[in-house]
Amino acid sequence: MIERIWSGKSWLYILLLPLSFLYGLITVIRHMAYKVGLFRSWKAPVPVVVVGNLTAGGNGKTPVVIWLVESLTNAGYRVGVVSRGYGGKSENYPLVLNEATTTQVAGDEPVLIFHRTKAPVAVAPKRSDAVKALLQAYELDVIITDDGLQHYALQRDYEIVVIDGQRRFGNGWWLPAGPMRERIGRLKTVNASIVNGGNPQGNEVLMTLEGDSAINLVSLKKQPVTELESVVAMAGIGHPTRFFNSLQGKGVVLEGSQAFADHQSYEQQQLMSLVKPHQSLLMTEKDAVKCREFAQPNWWFLPVQAQLQHRGADKILSEIKKLITNNKKTCH
């Protein structure tokens, strides 16, 4: 129902408009309070790059964060990542992740980023605390924040907005009548806009998510996803339908599909009930990091890699590298 309301296919959004106006008023006042100095924000000693969005739900931020970390690391820079750690409950914050850190403690996306990139990752509700913890433990050149576009308590040097190319901005209204955290005009103030699929508009940089080899959760065997037998797909992400459609677009014939809520926690029996012994349960990498401890031999996940339009990708990386270089000159 909420998807129909946010997409503009239902008139019920009208009933939620009073709450949306209140949300919008609070958002605007809060943003202005930071701009004029009524609320204090913290400036990190290294450049901070925010990867966020204007809408609620998954737009593809995490693949962009991974792409940035890997691209900058390959260029010789020391990169750290901070996140709020949504879905995780740690007894102490800030929390710097290690190999033993679970998704129950740190949240699924930070754990995914940590294992995928091997970069230092820290989580805390107050992101400046996470940045300070990383800088105390590591020598870093730049910090990437996974989400946090609206977290103005942390100053940023570069802002990237990720847009869902299919859903874009829905009906354009603030939460809860629509999907917007901030209005579309905010795009004029960010440094780069990346659109996940669909058709880029204006200066948007097109991104596609590529991945054709599935990995077994138990044996870690790799196999072309099209060669899996009797596939049942599951996804607990912001937009599960995108995952199912992408599989079918690759030629995978689905015998079934199950969508879960974003950041869903799983139990072994819950997922075992989705497939018969001869079937393959195929999930996203974000789901897989929550299932490794009780995975079954017929469970697979499909890792994806962000592929950005070359000219746009080169421009983003060049501008961030320039920030790092200028910061080093200033510090010395």
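Residue positions are given per chain, counted from 1 along the sequence in the order it is written. Two thresholds apply to this predicted model, a pLDDT of at least 70 for residue-level local features and 80 or more for giving and counting side-chain atom pairs, whereas whole-chain, interface and lining totals are computed over all residues. Just so you know, side-chain values use all the structure's heavy atoms and leave hydrogens and water out.

An unreviewed UniProt entry annotates the chain as Tetraacyldisaccharide 4'-kinase of Providencia huashanensis. UniProt positions are given in the numbering used here, feature names are shortened, and annotations may be inferred rather than shown by experiment. Per its UniProt entry, the chain bears the Sequence similarities (unreviewed entry) comment "Belongs to the LpxK family."

## Looking at the overall build of the chain
Under the scheme used here, helices are H or I runs from DSSP no shorter than 4 residues and strands are E runs no shorter than 2 residues, and both carry numbers assigned from the N terminus. Along its length, the chain carries 10 helices and 15 strands. Between the two quantities, the radius of gyration covers C-alpha atoms and the globule rule is 2.2 Å times the number of residues to the power 0.38. Rg of the C-alpha trace for the chain: 20 Å, near the compact-globule value of 20 Å for 332 residues, within the 12% margin. Principal axes of the C-alpha set define a box for the chain whose edges measure 60 × 50 × 45 Å. When the 332 residues of the chain are sorted by exposure, 53% land in the buried category. Contacts: residue pairs with any heavy atoms within 4.5 Å of one another. A separation of at least 24 residues holds for 72% of the contacts in the chain among residues at least 6 apart in sequence. Burial status follows relative accessibility: with a 1.4 Å probe on protein chains alone, a residue under 20% of its type maximum counts as buried, one over 50% as exposed, and anything between as partly exposed.

## Looking at the UniProt feature "binding site: ATP" (unreviewed entry) in the chain
Mapped onto this structure's residue numbering, the UniProt feature "binding site: ATP" (unreviewed entry) falls at Thr55, Ala56, Gly57, Gly58, Asn59, Gly60, Lys61 and Thr62. Looking at where Lys61 falls in the secondary structure, it is placed in helix 3 (residues 61-74). The class for Lys61 is buried, based on a relative accessible area of 9%. Beyond its immediate sequence surroundings of up to four residues, Lys61 is in contact with Val51, Gly52, Asn53, Asp146, Asp147 and Val162. By the element assignment, Thr62 lies in helix 3. The class of Thr62 is buried, set by a relative accessible area of 11%. When residues no more than four places from it in sequence are discounted, the contact partners of Thr62 are Glu109, Leu112, Ile113 and Asp146.

## Things to note about the sheet that holds strand 2 (residues 79-83)
The pairing criterion for strands is at least two bridges between them, as found by DSSP. Pairing is mixed in the open sheet, where nine strands are placed in the order 3-4-2-5-1-6-7-8-15. Each edge of the sheet is formed by a strand with only one pairing partner; in this case those strands are strand 3 (95-96) and strand 15 (305-308). Packing against the sheet, helix 10 (residues 310-331) makes contact with strand 1 (48-52), strand 5 (142-146), strand 6 (158-164), strand 7 (192-196), strand 8 (205-210) and strand 15, and its axis sits at approximately 155 degrees to strand 6. For helices, the fitted line uses only the C-alpha atoms of the stretch in contact; every axis is such a line through C-alpha atoms, and the angle between N-to-C directions lies from 0 to 180 degrees.

## What about the UniProt feature "transmembrane region" (unreviewed entry) in the chain?
The sites that UniProt annotates as "transmembrane region" (unreviewed entry) are residues 12-33. With 95% helix and 0% strand, the stretch residues 12-33 has end C-alpha atoms that lie 33 Å from each other.

## A word on the packing of helix 3 against helix 10
Across the interface, helix 3 lies against helix 10 with an axial gap of 11 Å and an inter-helix angle of 65 degrees. Classified by chirality, the crossing of helix 10 by helix 3 is right-handed. When helix 3 is examined against helix 10, the residues Trp67, Leu68, Ser71 and Leu72 are found in contact with a partner set consisting of Ala313, Ile316, Leu317, Ile320 and Lys321. Think of it as three bins: nonpolar holds Ala, Val, Leu, Ile, Met, Phe, Trp, Tyr, Cys and Pro, charged holds Asp, Glu, Lys and Arg, and polar takes everything else, Gly as well. Residue composition of the contact of helix 3 with helix 10, grouped by class: seven nonpolar, one polar and one charged. Each crossing gets its handedness from the near helix: less than a right angle anticlockwise from the far helix is left-handed, clockwise is right-handed.

## Here we look at the pattern of salt bridges
Opposite charge on two side chains permits them to pair, given that their charged atoms come into close proximity. Should a side-chain nitrogen of Lys or Arg be within 4 Å of a carboxyl oxygen of Asp or Glu, the pair is scored as a salt bridge. Enumeration according to the criterion identifies 16 salt bridges in this entry. The closest approach of N and O atoms between Glu109 and Lys286, which form a salt bridge, is 2.9 Å. Of the two residues, Glu109 sits in helix 5 (residues 108-117) while Lys286 sits in helix 9 (residues 285-288), which places them 177 residues apart along the sequence. Note on Glu109: relative accessible area 16%, which makes it buried. Lys286 gets classed as buried once you look at its relative accessible area, which sits at 9%. Across the pair Lys315 and Glu319 runs a salt bridge, and its minimum N-O distance is 2.6 Å.

## What about the packing of aromatic side chains?
Only centres within 6.5 Å qualify two rings of Phe, Tyr or Trp (six-membered ring in Trp) as a pair; their planes then separate them into stacked at under 30 degrees, edge-to-face at over 60, and tilted for everything else. Applying the stated criterion across every chain, the model contains six aromatic pairs. An angle of 75 degrees between the planes, with centres 5.3 Å apart, marks the rings of Tyr34 and Phe39 as edge-to-face. A relative accessible area of 40% places Phe39 in the partly exposed class. Judged by centre distance (6.1 Å) and plane angle (90 degrees), the rings of Phe294 and Trp299 are edge-to-face.

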